[in-house]
Every structure is written in C-alpha cells, then in structure tokens.
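Chain by chain, the residues run as shown.
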Amino acid sequence: MRLASVPFPQTGIHVAIIMDGNGRWALAHTHERSDGHRAGADNVRRIVEAAPGLGIRALTLYAFSRDNWSRPQGEVNNIMALLRAFLESEGERCKREGVRIQVIGSRDKLEYSLVRSIAAAERQTARGTRLDLRIALNYSSRDSILAAARRCLLSNKSEARKVSDFLAGDGRRAGVPDVDLLIRTGGEKRLSDFLLWECAYAELYFTPTLWPDFSPRDLEAAIAEFKHRERRFGNIGKSSTSTQEYWLR
Ligand code: IPE
Ligand code: IPE
Ligand code: MG
C-alpha cells in the first residue's frame, strides 16, 4: 500500500490519539477483551510505521490512563504485558527507523520489570530524529499539570511556556510542542484526562472507527481534514499554521 505523502513545513505536526474501542472490537469478533487489546497493539505498529510519511513529527498515543487501574485485574495485567512486549520487541526497529520512544505518565505503580523495559527502549532509541513516539502510560493530564506546576514553582519559572516544558509526568521534561491534531477513535467525544494543557489549540477529530480498525489510510484522511481547518489562535483570519508558531509569536 502506498500512502500519498503530505508536505508539511520542516518540522511536521504533533498528532495525539486516544486509542479507544478495543473492547468493543473484541465484542464484535472473539468476545475476549484481550484479543481486542492485542489487535490494538498490532495497530500501533502499523500507525507508527506510517506516521513519518504523513508529515507527523510527534505522535502521542494514549495507551493506559491512571483511571484504567479500576478495570478487572486480569485485563490490567494483559495490557501491561502487551505494553512490555511492545517496548521489548519494537526498540530495535524504532532505532533503525529513527523513532525516539518516550513514555509519559507516572512511573509509580508500574512493575519494576516494565519500568526497566521503558528505560531500555528510551535509551536504545534516544538518538531518533524522524519521529517522537510518546506513549502515555499510567497517565493523567491533571496529575502531570500539577507535577509540572510544582516543578516550576520550585525553580521560580511559572510562565505558561515553562509549565509546558515539564508535562511528561512526574515533572519530567516533555520536549515536544503542543498538539496540533487530537484524534479519538471509538465514537466517544471526550478527552478522558488526556493532554488537557497541550490541546489548548488542538484541532479535534472524532471517528466511530474502533482503534484496531483505524488504518493508516484513516489517519491520512484525518490529516487531510486537519489541513483544511482554519486555525486562528484567537486572531481574526488565518494567522499561524502550527501550535509551535503560536508559542513562538
Ligand atoms: C482502549 O480500549 C484501550 C484502553 C483503555 C486501555 P477500551 O478497552 O477502552 O475499549 P472499549 O471502550 O471498552 O471499547
Ligand atoms: C481512554 O479510554 C484511555 C485510553 C484510550 C487509554 P477509556 O475507555 O478509559 O475512556 P472512558 O472511560 O470511556 O472515558
Ligand atoms: Mg474505552
């Protein structure tokens, strides 16, 4: 399959995806939620592979929220095992393809073996410059805003742009600009505590397609629609074309 490449100004855009609908996909297929999560993880591989060719420079994927701990223990264990397998199997390929992996969210509550896999994947891919792949795991946007604000207060840096620097969870550095396009699959139209600060001027795109079925072509269609949106950033008429320019103005 060949995807038309979408030209973007030098750096490309930041796309964030709420990958929702694995459970409903499973209901329609095998009735095992674990199969839905496995199909979802396989789709992450396809989407990551297609992203750079579609003009995406940073891709933030919502994999597991802080509130998802309330799910049955078996499902939580299954998702954690898939995440660990993804990090362990994709590190080498991501390194080869210039994809830098960063896991955002809090490391507390994660099993030590998973924390080790995260550290290894981040270390292995640290030099990647083609795509910033950020995986939100044990993530709460409200928690990360609080941690960033604390961090800024301690260092006397309270401007909005400084808070933005430390939103990767536990007050760690984020290192990517705000979100340009937020996609939610699965039909719900809500943010579920994802990137509340970073989406201040994001374009929102909701699709009923369930995450395991959301193909690179669907991503391409979302980006094509995004390109036709007029972004104003509070101004009148078309002003900036990216959130990065908005911050720099
Ligand atoms: C998203 O799919 C994956 C996670 C939240 C971990 P869901 O498991 O929420 O799927 P639905 O919403 O029940 O279909
Ligand atoms: C959001 O989906 C979290 C992820 C996709 C990881 P949820 O399925 O947890 O969201 P709600 O509960 O429908 O708001
Ligand atoms: Mg859901």
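In case you missed it, the structure is sitting above this.
Residues numbered from 1 in each chain as written. Chains lettered and ligands numbered in written order. Predicted model: local features only at pLDDT ≥ 70, side-chain atom pairs only at ≥ 80, totals over all residues. Heavy atoms only, no water.

## Focus: the pattern of salt bridges
Rules: A side-chain nitrogen of Lys or Arg and a carboxyl oxygen of Asp or Glu constitute a salt bridge if their distance falls within 4 Å. Working definition: with a 1.4 Å probe on protein chains only, accessible area under 20% of the residue-type maximum means buried, over 50% means exposed, and in between means partly exposed. Strands are runs of DSSP state E lasting at least 2 residues, helices are runs of H or I lasting at least 4, and numbering of each runs from the N terminus.
Using the criterion set out here, one finds 24 salt bridges in the structure. A salt bridge links Arg24 to Asp20; its shortest N-O distance comes to 3.3 Å. Under the relative-accessibility criterion, Asp20 is labelled buried at 18%. In this structure, Asp132 and Arg100 form a salt bridge, with 2.7 Å as the shortest nitrogen-oxygen distance. With Asp132 in strand 4 (residues 131-139) and Arg100 in strand 3 (residues 99-104), the pair connects residues that are 32 residues apart, well separated along the chain. Judged by its relative accessible area of 6%, Asp132 is buried. Relative accessible area serves as the criterion here: at 32%, Arg100 is assigned to the partly exposed category. Linked through salt bridges whose partners overlap, the residues forming this network are Asp20, Arg24, Arg184, Glu188 and Arg190.

## Let's talk about the sheet that holds strand 5 (residues 181-184)
As a reminder of what qualifies: For two strands to pair, DSSP has to find at least two bridges joining them. Angular values range over 0 to 180 degrees, each being the angle between N-to-C directions of two axes fitted as lines to C-alpha atoms, with helices fitted over their stretch in contact.
Strand order in the open sheet formed by 6 strands is 3-4-2-1-5-6, and the pairing between neighbours is parallel. If you trace the sheet from one side to the other, it starts and ends with strand 3 and strand 6 (203-206), each paired once. Neighbour-to-neighbour, the strand axes of this sheet turn through a mean angle of 20 degrees, independent of strand direction. By the bridge criterion, 4 bridges tie strand 5 to strand 6 in an arrangement that is parallel. For Leu181, the partnering residue across the bridge sits in strand 6 and is Glu203.

## Some details on the site of ligand 2
Rule in force here: Whether a residue is near a molecule or strand depends on its heavy atoms: it is near if one of them lies within 4 Å of it. Pairs of N or O atoms are called polar contacts if they sit within 3.5 Å, as long as, within protein, a hydrogen donor faces a hydrogen acceptor (for residues adjacent in sequence, only side-chain-to-side-chain pairs). Only the protein chains shown count as cover for residues, with accessible areas throughout obtained via the Shrake-Rupley method and a probe of 1.4 Å. Residue polarity follows a fixed list, in which Ala, Val, Leu, Ile, Met, Phe, Trp, Tyr, Cys and Pro are nonpolar, Asp, Glu, Lys and Arg are charged, and the others, Gly among them, are polar.
In the neighbourhood of ligand 2, the contacting residues comprise Ile18, Met19, Asp20, Tyr62, Ala63, Phe64, Asn68, Arg71, Arg184, Arg190 and Ser192. One of the side-chain N or O atoms of Arg71 is found 3.3 Å from an oxygen atom in ligand 2. The protein chains hide 77% of the 390 Å² of surface that ligand 2 would expose on its own. Counted by class, the shell around ligand 2 contains 5 nonpolar, 2 polar and 4 charged residues.

## Topic: the site of ligand 1
Lining the immediate surroundings of ligand 1 are 13 residues, of which Asp20, Gly23, Arg24, Arg33 and Arg71 lie closest. At 2.9 Å from an oxygen atom of ligand 1 is found a side-chain nitrogen or oxygen belonging to Asp20. Between an oxygen atom of ligand 1 and a main-chain N or O atom of Asn22, the distance comes to 3.2 Å. Within the complex, the protein chains bury 86% of what would otherwise be the 380 Å² of accessible surface of ligand 1. Here the element with the most residues in the shell around ligand 1 is helix 1 (residues 22-28); it accounts for 3 residues. Considered class by class, the residues forming the shell around ligand 1 number 3 nonpolar, 5 polar and 5 charged.

## What to know about the packing of aromatic side chains
Let me state the cut-off plainly: Classification of ring pairs rests on two measures: the distance between centres of Phe, Tyr or Trp rings, Trp counted by its six-membered ring, which must be within 6.5 Å, and the angle between planes, read as stacked under 30 degrees, edge-to-face over 60 and tilted in between.
If you walk through the whole model with that rule in mind, you get 6 aromatic pairs. Look at Tyr201 and Phe233: their rings are 5.2 Å apart centre to centre, the planes differ by 50 degrees, and that puts the pair in the tilted class. Separated by 32 residues along the polypeptide, Tyr201 in the loop between strand 5 and strand 6 and Phe233 in the loop between helix 7 (216-228) and helix 8 (243-248) bring together distant segments of the chain. Classification of Tyr201 as partly exposed rests on a relative accessible area of 32%. Judged by relative accessible area, Phe233 falls into the buried class, the value being 3%.

## Some thoughts on the state of the cysteines
Convention followed: Sulfur atoms of two cysteines make up a disulfide when they are within 2.5 Å.
With the rule as written, the count across this model stands at 0 disulfides. Looking at the unpaired Cys199, the closest cysteine sulfur is the one in Cys152, lying at 19 Å. Look at Cys199 and you get buried, because its relative accessible area is 10%.

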